[in-house]
Structure formats: structure tokens, C-alpha cells
Amino acid sequence: AIVYATAAVIALDVLGVNVMPFIAGAGVLGVAVGFAAKDTLSNLIAGILLIIDRPFEIGDRIEVWSVPAGNASWGDVIDIGLRATRIKTPDNIVVIIPNNEIMTRDIVNYTIISTSIRVRINIGIGYGADIAKAKQLIIQTAQAADWILNQPAPKVVVRNFGESSVDLQARVWIK
């Protein structure tokens, strides 16, 4: 195509046709197309780099930066395309993030090493309550739940002394 276009321009020039307006117009058109395709090309290149580098794969649980307020800030990767990556949050929202945005941020992958994830559950108890008994009851409840792993064992810590409660935190591992 380049050879034919060059030959046509030279042939028109030999025939005496002024080809400079056509060349200038083609240059302006090339710049306009370049600016219009800038985001698409950057997403395409970022998509190729994501596929080659593989910081996450389909099924991995990663951090999501652009979710509606009040929703979970993480989700499972359901598709990695050349232009964008689709992530499904636990609220059943599919977030489509352009690949060039993913490549410019820190990628937090919760499941790259293991499919187990530690979950922190905040629980407040009254100041008059028995902290040791509360910890014991929380651990027993966690051990009774079939979706909580026994290894590593559930753990409960005193996290904070709030205005009206002692804030405990249960730390459990789930699949």
C-alpha cells in the first residue's frame, strides 16, 4: 500500500498535478487518526503486556479501584481482553477497567500464592463483658462454620477501645 501510494504521488507529480495539498492533508489526517487511536492503542499494548506478564489470571481475586461507593473493593477476574479487564465483585457488579489504567496502578492479587484468604471481622462487646469468654465464643462459632478453614486456626484479638465498646477482631481463613 505504501509503495502504490508513493508511486501514485510520483506519477501525479510527473504529470504536472500539484500533489502538495494531498500530502499535507494526508499528514493532518494521520495526526488526527493518531490522536483518536491513542487510548485504544495504549489499551491494546497494555492488554498484550498483561497477557505476557500475567500479574493475575482468570479466577484470581484482585483489588478494584473504581467501584460504586459502599460496595466491595475487590473482585474476581472473569475476562482479560486486549482492551479491558472484567472483574466481578461480590455484589454481582461487573467492573470493566481499561488495561492501561490497570497497568498504571499497583496490582493487589489476593490469590496469586494461595486460594485461601484471611478475613477480618470486627465485633464490638460492652466494657462490662468478659473478654476471654467473648473470644472463646467467637472462636467456637468460627470453628463450627464449614466455610472457615481450621488451619490456620481462627484467632481473635482486641483491636481497639471504642467509645462504647471493646472492639474485637476475628481473623479467619476462608477458601
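In short, a report on the structure. Everything quoted here is computed from the prediction, not taken from an experiment.

Quick word on a positive patch on the surface
On the surface, Arg118, Arg120, Lys155 and Arg159 cluster together into a patch of positive charge. Secondary-structure elements contributing two or more residues to the positive patch are β5 (117-125) and β6 (155-161). Positionally, Arg118 belongs in strand β5. Classification of Arg118 by relative accessible area gives partly exposed; the value is 34%.

Digging into a nonpolar patch on the surface
Taken together, Leu41, Leu44, Ile48, Ile51, Ile52 and Leu82 make up a surface patch of nonpolar side chains, about 530 Å² in accessible area. Looking at where Ile51 falls in the secondary structure, it is placed in helix α3 (residues 38-53). Classification of Ile51 by relative accessible area gives partly exposed; the value is 43%.

Let's talk about the pattern of salt bridges
According to the stated counting rule, one finds 5 salt bridges in the structure shown. Residue Lys38 is joined to Asp39 by a salt bridge in which the shortest nitrogen-to-oxygen separation is 3.7 Å. Residue classification places Asp39 among the partly exposed residues on the basis of a relative accessible area of 47%. In this structure, Arg54 and Glu57 form a salt bridge, with 2.6 Å as the shortest nitrogen-oxygen distance.

Re the sheet that holds β5
Taken in spatial order, the 3 strands of this open sheet run β5-β7-β6, and their pairing is antiparallel. What marks the edges here is a single partner per strand, and that holds for β5 and β6. Taking the axes of each pair of neighbouring strands and ignoring which way they run, one obtains an average angle of 30° across the sheet. The pairing of β5 with strand β7 (residues 166-174) spans 9 bridges and is classified as antiparallel.

The rules we used
- Residues numbered from 1 in each chain as written.
- Predicted model: local features only at pLDDT ≥ 70, side-chain atom pairs only at ≥ 80, totals over all residues.
- Heavy atoms only, no water.
- Patch = residues over 30% accessible without salt bridge, like charges linked within 9 Å, V, L, I, M, F, W, Y side chains within 5 Å.
- Areas by Shrake-Rupley, 256 points an atom, 1.4 Å probe, with all protein chains shown as cover.
- Salt bridge = Lys/Arg side-chain N within 4 Å of Asp/Glu carboxyl O.
- Lys, Arg positive; Asp, Glu negative; His and termini not counted.
- Charge placed at Lys NZ, Arg CZ, Asp CG, Glu CD.
- Helix = DSSP H or I, 4+ residues; strand = E, 2+ residues; numbered from the N terminus.
- Buried < 20%, exposed > 50% of the residue type's maximum accessible area, 1.4 Å probe, protein only.
- Pairing = 2+ DSSP bridges.
- Axes fitted to C-alpha atoms, helices over the stretch in contact; angles between N-to-C directions.

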